[in-house]
Amino acid sequence: MPIEKFVDFGDGANQVLRQGINTLANAVKTTLGAAGKTVIIEDERGLPHVTKDGVTVAKSINLSHPVEHMGASIIRDASVKTGEIAGDGTTTSVVLAQDIIKHAADKMIGEPHLNHNIVRERLSTIGLDILDYLSKNTRKVTKKQLRSVATISANNDEILGRVVAEAFQKVGTDGAVSIENSSNQETYVKVVDGTRMKRGYASNYLITDREKSLCVMEDALVLIADKEIKKWADIQFYLEASLTQKRPLFIVGDVEQNVMANINNNKLRGALDICVVAPEGVGSNRLELLEDLAVMTGATVVSDDTGVDWTNVGVGNMGSVKKVVSSASQTILTLDGSTSKQIKDQAKVVKSILENKDDTPNNWHYKDRLSRLAGGVATIYVGAYTEVELKERKDRVDDAVCATRAALEEGILPGGGAALYHASIYLFKKNIKPSTDEEHDAAAFILYNSLTSPIATIMINSGKTGAEVDDILRDMADKPIEIGYDVIAKQVVDMYDSGIIDPAKVTTTAFKNALSVAEIVLQTDCIITNKRELPKEEAEE
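Here we summarise the structure given alongside this text. Keep in mind the model is a prediction, meaning the values are calculated, not measured.

Remarks on the side chain of T195
Here comes step 1: Turning to its location among the elements, T195 is positioned in strand β6 (residues 194-197).
Here comes step 2: In this structure, T195 is in contact with A176, L293, M296, T331, I332, L333, R372 and V377, ignoring residues within four places of it in sequence.

Written out as C-alpha cells, the structure is:
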C-alpha cells in the first residue's frame with residue numbers, strides 16, 4: 001500500500017526546514033574548538049554517551065516534525081560526508097552550512113528580485129576561488145606539527161595526540177593504524193604484523209558496525225583471486241569451509257553483480273560472515289600486490305599465472321588474518337604472526353628489485369610494496385576507567401588518526417577557523433566594489449559573512465561575547481593568514497608557532513560539503529515527507 005505524503009511549498013516550508021537545520025547545528029556547534037563543551041547523549045538502552053565529537057552528536061538527533069527532521073538530515077549528511085572523506089571537520093561543516101543557509105535566506109528575503117539559480121551558480125564560482133586561495137596557502141606538515149594536528153583533533157588531549165603521532169612516525173605516511181581496547185587504563189601504541197589496503201568493502205550490506213560504518217571480523221579465512229568470481233559455484237567450497245570452521249571469510253577479488261547480490265542477501269540473513277574487497281592496481285602491478293598479500297596471509301592467489309583456478313580448490317589455498325577492519329575507503333589487516341619469515345623474505349626480494357630496476361617511472365610501485373611488507377600496523381590501545389570514558393576516548397583517537405593521515409596527505413593550514421576567516425577577508429577585498437552583477441555581489445556577501453562563523457563560534461564557546469569577537473576579528477583583518485586567536489591563551493597568536501593547525505583536506509572538505517548543502521536548500525521550493533502523526537503542539541497550530 002502506497003505511503004501517504006505531506007506536501008509543503010514555498011517560504012513556509014523552507015522556514016520549517018531551516019528550523020530543523022538550526023536545531024541540529026546549534027547542538028553540534030557547542031562542541032567546536034578547544035573550549036567546546038561536551039554533549040551527553042542517551043542511547044537506545046537509556047545509557048549515557050558523553051562525547052565532544054560533532055558527527056556523533058549529529059547522528060543522534062532525530063526530530064519529530066517531518067520537515068524539520070528532513071532539514072536536520074540534510075545538514076547531518078554534510079557532516080557525515082566530511083568525516084568519511086577527511087576524517088575530521090564534521091562540526092565545522094555544520095557551522096558553515098548553517099551560516100551560509102542563514103545569510104542566503106536573509107539575502108533572498110531582503111532582495112526578492114534576485115534570481116535564486118544565478119545566485120547558486122555564483123556561490124559555486126566564488127567557492128572555487130576560495131578553495132584556490134586555501135590551496136595556495138597550504139604548507140607541508142613537519143613532525144612537530146604532526147603531533148599538534150593529532151592533539152587538536154583529539155580535543156586537545158596531549159597524551160592521545162602524542163600516541164597518535166608516534167603511531168604514524170613508526171609506520172610512515174602510508175602505514176596502517178588501527179584502534180583497540182587496552183587491557184588496562186593506559187593508552188599506548190604497539191607495532192604488529194599487518195598491512196593496509198587502499199580499498200574498502202564492496203557493499204554497504206557488509207557493514208557490521210553501523211555506528212562507525214565498518215566491517216570488522218576476527219580470525220578470518222582469506223581468499224585472494226586475480227580472476228573474477230562469476231558464479232556462486234566458484235566460491236562455494238570456500239564458503240562451506242568458512243561455515244564448517246565457524247570463521248569469517250575475507251575475499252579479495254572482483255565479484256560479478258549477481259554473485260555480490262547473493263552475498264549481500266546471505267549477509268543480511270546472518271547466514272554468512274563475510275567481507276569482500278576489490279583488488280588494487282591494474283595489470284602486472286595488481287598481480288604483484290595480490291602476491292604480496294598472499295605471502296602476508298599465507299594464501300595462494302587464484303590466477304592463471306599460479307595455476308590455481310576455481311576447479312582446483314582446497315583449504316590449502318586459503319590464508320588467515322587475526323583481524324580485518326574495512327571502511328568505505330580502506331582495509332586494515334592485522335596478521336597472526338605465522339608468516340613473519342615469509343614477509344621478511346618477500347621484502348628482501350622487492351628491495352632487491354627496487355635497487356636494480358631500470359624502470360624508474362614504476363619505482364613508486366615497488367616503494368609502495370616495500371612499505372606495505374615492512375611497515376606493519378601501528379595498533380593504538382586505548383585505555384580508560386569506565387566504558388563510557390573508553391567509548392569517548394576511542395571516538396577522539398579515531399578523529400585524530402584520520403586528521404593526522406589527512407595532514408600527511410595534503411598538508412596543513414592554520415587552525416581555529418583562522419584560514420577560513422582570512423579567506424573571507426580575501427573575498428571582501430576582492431569584491432569590495434559593487435559590480436553590475438547583483439547575483440555575484442549577493443553570493444560574495446553571503447560567503448564573506450559565513451566564512452567567519454567557525455572562528456566566531458570557537459571564541460563564543462570560550463566565553464567571549466559577540467562584541468568582543470567583533471573587536472578581535474577587526475584587529476586581525478590585515479594580518480597574514482597564519483594569525484589567529486588562541487582561546488586557551490586568550491590572545492592573538494601565530495597559529496603555526498602555537499601548534500594550532502588543521503589538515504588542509506579537513507578545511508577544504510568541510511567548506512565544499514557545507515556549500516553543497518546550502519545550494520540544495522537554496523534551490524528547494526517543495527518538500528514531500530511521509531505522513532505521520534505530528535507532535536501535539538504542531539497539530540494544534
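Here the narrative resumes.
Topic: the nonpolar core
Here comes step 1: If you look at the biggest cluster of nonpolar residues, it comprises 52 residues, and the most contacted ones within it are L24, L123, I130, L134, L447 and F511.
Here comes step 2: At eight residues, helix α18 (residues 504-523) tops the list of elements feeding residues into this core.
Here comes step 3: Ignoring sequence-local partners within four residues, the contact set of F511 consists of L96, G127, I130, L131, L447 and L451.
Here comes step 4: Residues L221, L223, V255 and I343 belong to the second largest nonpolar core, which totals 51 residues.

Some thoughts on the packing of helix α16 (residues 453-461) against helix α17 (residues 466-476)
Here comes step 1: Closest axis-to-axis distance for the α16/α17 pair is 10 Å, and the angle between their directions is 135°. If you check the angle between α16 and α17, you find them oblique. Considering the relative orientation of α16 and α17, their crossing is right-handed. For the pair α16 and α17, the contacting residues are I455, A456, M459 and I460 in the first and V469, I472, L473 and M476 in the second.

Remarks on the sheet that holds strand β11 (residues 331-334)
Here comes step 1: Strand order across the open sheet formed by six strands is β6-β11-β10-β7-β8-β9, with mixed pairing between neighbours. On the outer flanks of this sheet lie β6 and β9 (274-277), each paired with one strand and no other. For this sheet, the mean inter-axis angle between neighbouring strands, taken without regard to orientation, is 35°.
Here comes step 2: Inspection of the sheet shows strand β7 (residues 215-224) paired to strand β10 (residues 319-326) by seven bridges, in the antiparallel sense. Within β10, the position partnered with E218 by the bridge is K323.

Let's talk about helix α15 (residues 438-450)
Here comes step 1: For α15, which comprises 13 residues, the first-to-last C-alpha distance of 18 Å matches the rise-based estimate of 18 Å (1.5 Å per residue) to within 8%.
Here comes step 2: By the burial criterion, the buried members of α15 are E439, A442, A443, A444, I446, L447 and S450.
Here comes step 3: Buried-residue contacts for α15 involve α4 (90-110), α5 (116-136), α14 (418-430), α16 and α18.

Focus on the side chain of S450
Here comes step 1: Summarising the element assignment, S450 is placed in helix α15.
Here comes step 2: At 3.3 Å, the side chain of S450 forms a polar contact with the backbone oxygen of D99.
Here comes step 3: Polar side-chain contacts of S450 include one of 2.6 Å to the backbone oxygen of I446.
Here comes step 4: Non-local contacts of S450, meaning those with residues more than four positions away in its chain, are made with L96, D99, I100 and H103.

What counts and how
- Residues numbered from 1 in each chain as written.
- Predicted model: local features only at pLDDT ≥ 70, side-chain atom pairs only at ≥ 80, totals over all residues.
- Heavy atoms only, no water.
- Helix = DSSP H or I, 4+ residues; strand = E, 2+ residues; numbered from the N terminus.
- Contact = heavy atoms within 4.5 Å.
- Core = buried A, V, L, I, M, F, W, Y, C linked by side-chain atoms within 4.5 Å.
- Buried < 20%, exposed > 50% of the residue type's maximum accessible area, 1.4 Å probe, protein only.
- Axes fitted to C-alpha atoms, helices over the stretch in contact; angles between N-to-C directions.
- Parallel < 35°, antiparallel > 145°, perpendicular 65-115°, else oblique.
- Left-handed = near helix turned anticlockwise from the far one by under 90°.
- Pairing = 2+ DSSP bridges.
- Expected span 1.5 Å × (residues − 1).
- Polar contact = N/O pair within 3.5 Å; in protein donor to acceptor, adjacent residues only side chain to side chain.

None of this, on its own, says anything about what the molecule does.
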